[in-house]
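Inside the fold
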Amino acid sequence: MSLDQDFENEEEEGEGKEMSFLSHLEELRWHVIRAGGSILVFAILAFVYIEEIYHYVIIAPSQSDFWTYKMLCMLADKVNYPDLCIKALNFKLQAIGMGDQFTMSMTSSVIAGLVFAFPYAFWEVWRFIKPGLKPAERRSARGAVFYVTFLFFSGVLFGYYIVTPLAINFLANFTLDPSIINEFSIASYISLVATLTLACGVAFQLPIVVFVLSKIGILTPAFMREYRKHSMIVILIVAAIITPSPDIYSQILVAIPLFVLFEVSILVSAKVEREKLREEKRLATLGGNE
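All of the points below concern the structure found in this document. None of the values given here were measured: they were computed from a predicted structure.

Helix and strand content of the protein chain: 13 helices and two strands. Within the span of the protein chain, comprising 290 residues, buried residues form 33% of the whole. Counting only contacts in the protein chain whose residues sit at least 6 apart along the sequence, the fraction spanning at least 24 positions is 80%. With an accessible surface of roughly 18,200 Å², the protein chain has 67% of that area assigned to carbon and sulfur atoms.

See the structure below:
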């Protein structure tokens, strides 16, 4: 059987599975329900163990014995830069409203549920998208769930262990006057931790975004290499914004993973371009044989 006949059979199978617009909506509804249900299940589990989650995860970056602060002190000793060591955080957390602690426990449970259910939730979304792709697109997108999940959790860990502690340290020790005491509400603290952590999880999807843009022809590896120097400046600016501390070492700690992500994105775009060229040669060969 020729390659042409293989593709024709695959197209006929895809056409046999075509659904009406309402059928697509019904299918999408069930995928969304299952994804939402997984988030709800993990949110309930998180609420059951909310005290442990608060003590060992959420509140941990506000303590001077947090892993990141210990590593920074070790780095400070090696580079002989004492200011890099964080020994104390000048602030206290407080619940101002009557229902703040309960409300924040619910909010934190939902956030935890979203994070832990992400692999399954994305898998449900991917199951809806995948049937609409062409056979070649499915092959090139093989492993999408794994890569998206890996990048998301890498970003979450980066945000939690690097960006969040540096931001907390700067904001906790920044004072307009020594007479002003930093007493932050639990709501503002959790908002900061959740925003920075989830934002990094989303930002680490850059290679996936580049893959999609390269597939549709908007980005090319040549374009990204041409503007590599410009991207470095942008990354340094982003690192300075994410880490408001003027400490150059903190900014470098944030900038390095972003540089790596950009370089990986170039490799991803180059791979997509090579696949396109191979596909064009294959089609040209088939056309010549006809």
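Glancing now at helix α8 (residues 144–173). Here α8 contains 30 residues, and its C-alpha end-to-end distance of 42 Å stays within 8% of the 44 Å for a straight helix at 1.5 Å per residue. Within α8, the axis deviates most sharply at G159, by approximately 40 degrees.

Most often, soluble globular proteins keep nonpolar side chains buried together rather than apart. Within the largest apolar cluster, 46 residues are counted, with the highest numbers of intra-cluster contacts made by Y54, F158, I186, Y189, I190 and V254. Among the elements that make up this core, the one with the highest residue count is α8 (nine residues). Apart from residues no more than four positions distant in its own chain, I186 is found in contact with Y54, I59, L93, Q94, A95, D100 and M104. The next biggest cluster of nonpolar side chains, apart from the first, holds five residues, and it includes V115, F118, V148 and V156.

Another aspect to go through is the side chain of N169. Within the fold, N169 resides in helix α8. Taking the relative accessible area as the measure of exposure, N169 reaches 16% and is therefore buried. For N169, the contacting residues outside a window of four places in its chain are I86 and L89.

Glancing now at a nonpolar patch on the surface. A cluster of nonpolar residues, W67, M71, M74, L157 and Y161, forms a patch on the protein surface that exposes about 490 Å² of accessible area. Listed by contribution, the elements that provide at least two residues to the nonpolar patch are α4 (67–79) and α8. If one sorts the elements of the nonpolar patch by residue count, α4 sits on top with three residues.

The next subject is the state of the cysteines. Enumeration over the complete set of coordinates arrives at one disulfide. Note on cysteine connectivity: C73 is disulfide-linked to C85, with sulfurs 2.0 Å apart. Every disulfide takes its handedness from the sign of the S-S torsion; for C73 and C85 that torsion is 75 degrees, giving right-handed. Taken as a pair, C73 in helix α4 and C85 in the loop between α4 and β1 (92–94) lie far apart in primary sequence, twelve residues in all. Take C85: its relative accessible area is 18%, and that puts it in the buried class.

Throughout the structure, instances matching the rule amount to four salt bridges. Taking the shortest distance from any N to any O, the salt bridge between E26 and R29 comes out at 2.9 Å. Of the two residues, E26 and R29 both sit in helix α2 (residues 21–48), three residues apart, roughly one turn of that helix. When the shortest N-O distance is used, the salt bridge between E263 and R228 registers 2.9 Å. In this pair, E263 sits in helix α13 (residues 248–289) while R228 sits in helix α12 (residues 228–242), placing the two residues 35 residues apart along the sequence.

Attention shifts here to a positive patch on the surface. On the surface, K130, R138, R139 and R142 cluster together to form a positively charged patch. By the element assignment, K130 lies in the loop between α6 (118–129) and α7 (135–140).

A few words now on the packing of α4 against α8. Relative orientation of the contacting elements α4 and α8 amounts to 85 degrees, with a least axis distance of 9 Å. With respect to each other, α4 and α8 are oriented roughly perpendicular. Here W67, T68, Y69 and L72 of α4 lie close against α8, whose contacting residues are Y161, P165, L166 and I168.

So, how was this worked out
Residues numbered from 1 in each chain as written. Predicted model: local features only at pLDDT ≥ 70, side-chain atom pairs only at ≥ 80, totals over all residues. Heavy atoms only, no water. Helix = DSSP H or I, 4+ residues; strand = E, 2+ residues; numbered from the N terminus. Buried < 20%, exposed > 50% of the residue type's maximum accessible area, 1.4 Å probe, protein only. Contact = heavy atoms within 4.5 Å. Areas by Shrake-Rupley, 256 points an atom, 1.4 Å probe, with all protein chains shown as cover. Expected span 1.5 Å × (residues − 1). Bend = angle between axes of the 7 residues up to and from the residue. Core = buried A, V, L, I, M, F, W, Y, C linked by side-chain atoms within 4.5 Å. Patch = residues over 30% accessible without salt bridge, like charges linked within 9 Å, V, L, I, M, F, W, Y side chains within 5 Å. Salt bridge = Lys/Arg side-chain N within 4 Å of Asp/Glu carboxyl O. Disulfide = S-S within 2.5 Å. Lys, Arg positive; Asp, Glu negative; His and termini not counted. Charge placed at Lys NZ, Arg CZ, Asp CG, Glu CD. Axes fitted to C-alpha atoms, helices over the stretch in contact; angles between N-to-C directions. Parallel < 35°, antiparallel > 145°, perpendicular 65-115°, else oblique.

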